[in-house]
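Close look at the chain arrangement
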Amino acid sequence: MPQTRLHLRGPKQDLEQIYALLDQGLEEEGLPLAIMEISEDEDIWEVSVYADGDADGAEGKMRALLHSLGEIPAISREELPDIDWVSHSLEGLHAVRAGRFFVHGAHDRDEKRPGEIGVHIEAGQAFGTGHHGTTSGCLETIEQVMRRENPRNALDLGTGSAVLAIAMAKLSHIPVLATDIDPIATRVAAENVRLNQVAGRVETVTAPGFHHRIFSQRGPFDLIVANILARPLMGLAPQMARHLASGGSAILSGILDRQRNNVVAAYVNQGFRHVSTIHREGWVTIHLKR
Ligand SMILES: C[S@@+](CC[C@H](N)C(=O)[O-])C[C@H]1O[C@@H](n2cnc3c(N)ncnc32)[C@H](O)[C@@H]1O
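Residues numbered from 1 in each chain as written. Predicted model: local features only at pLDDT ≥ 70, side-chain atom pairs only at ≥ 80, totals over all residues. Heavy atoms only, no water.

Next up on the list: the overall build of the protein. Helix and strand counts for the protein stand at nine helices and 14 strands. Taken over the C-alpha trace, the protein has a radius of gyration of 19 Å; the compact-globule value for 290 residues is 19 Å, and the two agree within 12%. The principal-axis extents of the C-alpha atoms in the protein amount to approximately 60 × 45 × 35 Å. Residue pairs in contact within the protein that sit at least 24 positions apart in sequence constitute 66% of those at least 6 positions apart. Counting 28 positive and 38 negative side-chain charges, the protein places the averaged centre of each group 10 Å from the other. (Helix = DSSP H or I, 4+ residues; strand = E, 2+ residues; numbered from the N terminus. Rg over C-alpha atoms; globule rule 2.2 N^0.38 Å. Contact = heavy atoms within 4.5 Å. Lys, Arg positive; Asp, Glu negative; His and termini not counted. Charge placed at Lys NZ, Arg CZ, Asp CG, Glu CD.)

Strand pairing in a sheet takes place through backbone hydrogen bonds and is either antiparallel or parallel in direction. The strand order across the open sheet formed by three strands is 5-6-7, and the pairing between neighbours is mixed. Lying at the two open borders of the sheet, with one neighbouring strand each, are strand 5 (96–98) and strand 7 (117–120). The average angle at which neighbouring strand axes cross in this sheet is 25°, direction not considered. Of the pairings in the sheet, the one linking strand 6 (residues 101–104) to strand 7 comprises four bridges and is parallel in character. (Pairing = 2+ DSSP bridges. Axes fitted to C-alpha atoms, helices over the stretch in contact; angles between N-to-C directions.)

With mixed pairing, seven strands are arranged side by side in an open sheet as 10-9-8-11-12-14-13. If you trace the sheet from one side to the other, it starts and ends with strand 10 (202–206) and strand 13 (273–280), each paired once. Neighbouring strand axes in the sheet, compared pairwise and without regard to direction, differ in orientation by 15° on average. Judged from the four bridges that link them, strand 8 (residues 154–157) and strand 11 (residues 221–227) form a sheet pairing that is parallel. Note on strand 11: the bridge partner recorded for Asp156 is Val225. Sheet strands touched by helix 3 (residues 133–149): strand 11, strand 12 (244–256), strand 13 and strand 14 (283–289). Its angle to strand 14, the strand with the most contacts, is close to 25°. Along the sheet, helix 4 (residues 163–171) contacts strand 8, strand 9 (176–180), strand 10 and strand 11; its crossing angle with strand 8, the most-contacted strand, is approximately 165°.

Right, let's talk about the side chain of Asp108 for a bit. Along the chain, Asp108 turns up in the loop between strand 6 and strand 7. We note that Asp108 is buried and unpaired, the nearest opposite charge coming from Arg109 at a distance of 7.7 Å. Reaching out from Asp108, the side chain makes a polar contact with the backbone nitrogen of Gly105 at a distance of 3.0 Å. (Buried < 20%, exposed > 50% of the residue type's maximum accessible area, 1.4 Å probe, protein only. Salt bridge = Lys/Arg side-chain N within 4 Å of Asp/Glu carboxyl O. Polar contact = N/O pair within 3.5 Å; in protein donor to acceptor, adjacent residues only side chain to side chain.)

This paragraph deals with the packing of helix 1 (residues 12–25) against helix 2 (residues 55–66). Orientation of helix 1 relative to helix 2, taken along the N-to-C sense of each, is 120°, at an axis distance of 10 Å. The pairing of helix 1 with helix 2 is recorded here as oblique in orientation. Between helix 1 and helix 2 lies a crossing of right-handed hand. Of the residues in helix 2, those touching helix 1 at Ile18, Leu21, Leu22 and Gly25 are Met62, Leu65 and Leu66. Considered class by class, the residues forming the contact of helix 1 with helix 2 number six nonpolar, one polar and no charged. (Parallel < 35°, antiparallel > 145°, perpendicular 65-115°, else oblique. Left-handed = near helix turned anticlockwise from the far one by under 90°. Nonpolar A, V, L, I, M, F, W, Y, C, P; charged D, E, K, R; others polar.)

The next thing to look at is the domain arrangement of the protein. In terms of domains, the protein is made up of domain 1 (3–80) and domain 2 (132–289). Using only C-alpha atoms to locate each centre, domain 1 and domain 2 end up separated by 27 Å. Each side of the interface is counted separately: domain 1 has twelve residues, and domain 2 has eight residues. Linking domain 1 with domain 2 are zero residue pairs in polar contact (both at pLDDT 80 or more). (Domains from an automatic or database assignment.)

Take the pairing of strand 11 next. Among the seven residues that make up strand 11, seven are buried, leaving the element largely enclosed by the rest of the structure. Pairing analysis gives six bridges linking strand 11 to strand 12, with the strands arranged parallel. The partner of Asn227 across the bridge, within strand 12, is Ser253.

Ranked by internal contacts, the top residues of the largest apolar core, which has 31 residues, are Val119, Ile142, Met168, Val176, Val202, Leu223 and Val225. Looking at which element gives the most residues to this core, the answer is helix 4, with seven residues. Those residues in contact with Ile142, other than ones at most four positions away along the chain, are Phe101, Leu164, Met168, Leu171, Val225 and Ile251. Counting 29 residues, the second largest nonpolar core, distinct from the first, contains Leu244, Ile255, Tyr267 and Phe272. (Core = buried A, V, L, I, M, F, W, Y, C linked by side-chain atoms within 4.5 Å.)

Rendered as structure tokens:
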């Protein structure tokens, strides 16, 4: 079913108020919501509501809820395509080995070697087939950290295809929370979780950053993996510290070589200590402990 993104923009203060109002008011409808920064310099933020099918109905409900604020900000629409819009087709792409993990599509599952852990991902509408340096960097670091630390639970923030969440749940039979700001990614993640038969251990939820009560319900986490981008990762540092168990590990990626020091500094400020960095194709994956 085609999906419509209804979105409005404004300064952070207004948008946080709008987000809180819509979050509460639309809870029963089950419409996913997201808030994100568009421009730090100009103080522009954006709230999005994702409607399946009845976009007019969803917009009507938004307007009714926003009525109490007086002037209603303009609500724009974006029709989200129903097809592979992020798509990197896996057709013809080779499988990827990272540490003990073997990330593959249906056509090369037989190439899995003894002792390897298979993660079956068909390329589609969410990022994460294992080909990107950030994903493979995370997979390698996950294997090292999990072997050494035996975490009791884990969070994969910005899960995309759920490749990292599935890898963690297969390597060690622990509960994993997999979240993404993008409801389409969350849907794909849930499909991949079922395909890999780890639905009993991996829970998928749509949430921007740590804006959802599920994090307090399932946390604190012994291991948090977040392959997003340097700027949002720096912004999330205080909440990362709050949701990571004492002595726990954070694995961060989506960071360019030149951004590494700033990201490490933001986390050291929050009481983290840097353990290791690995470099892959211009990207870094950082392991930090608290
Ligand atoms: C680079 S992909 C990583 C996918 C997968 N974890 C991997 O390692 O291959 C980043 C994902 O993070 C999501 N994302 C970006 N900003 C986010 C935020 N603030 N909160 C939650 N998810 C976010 C995107 O929608 C996207 O699916």
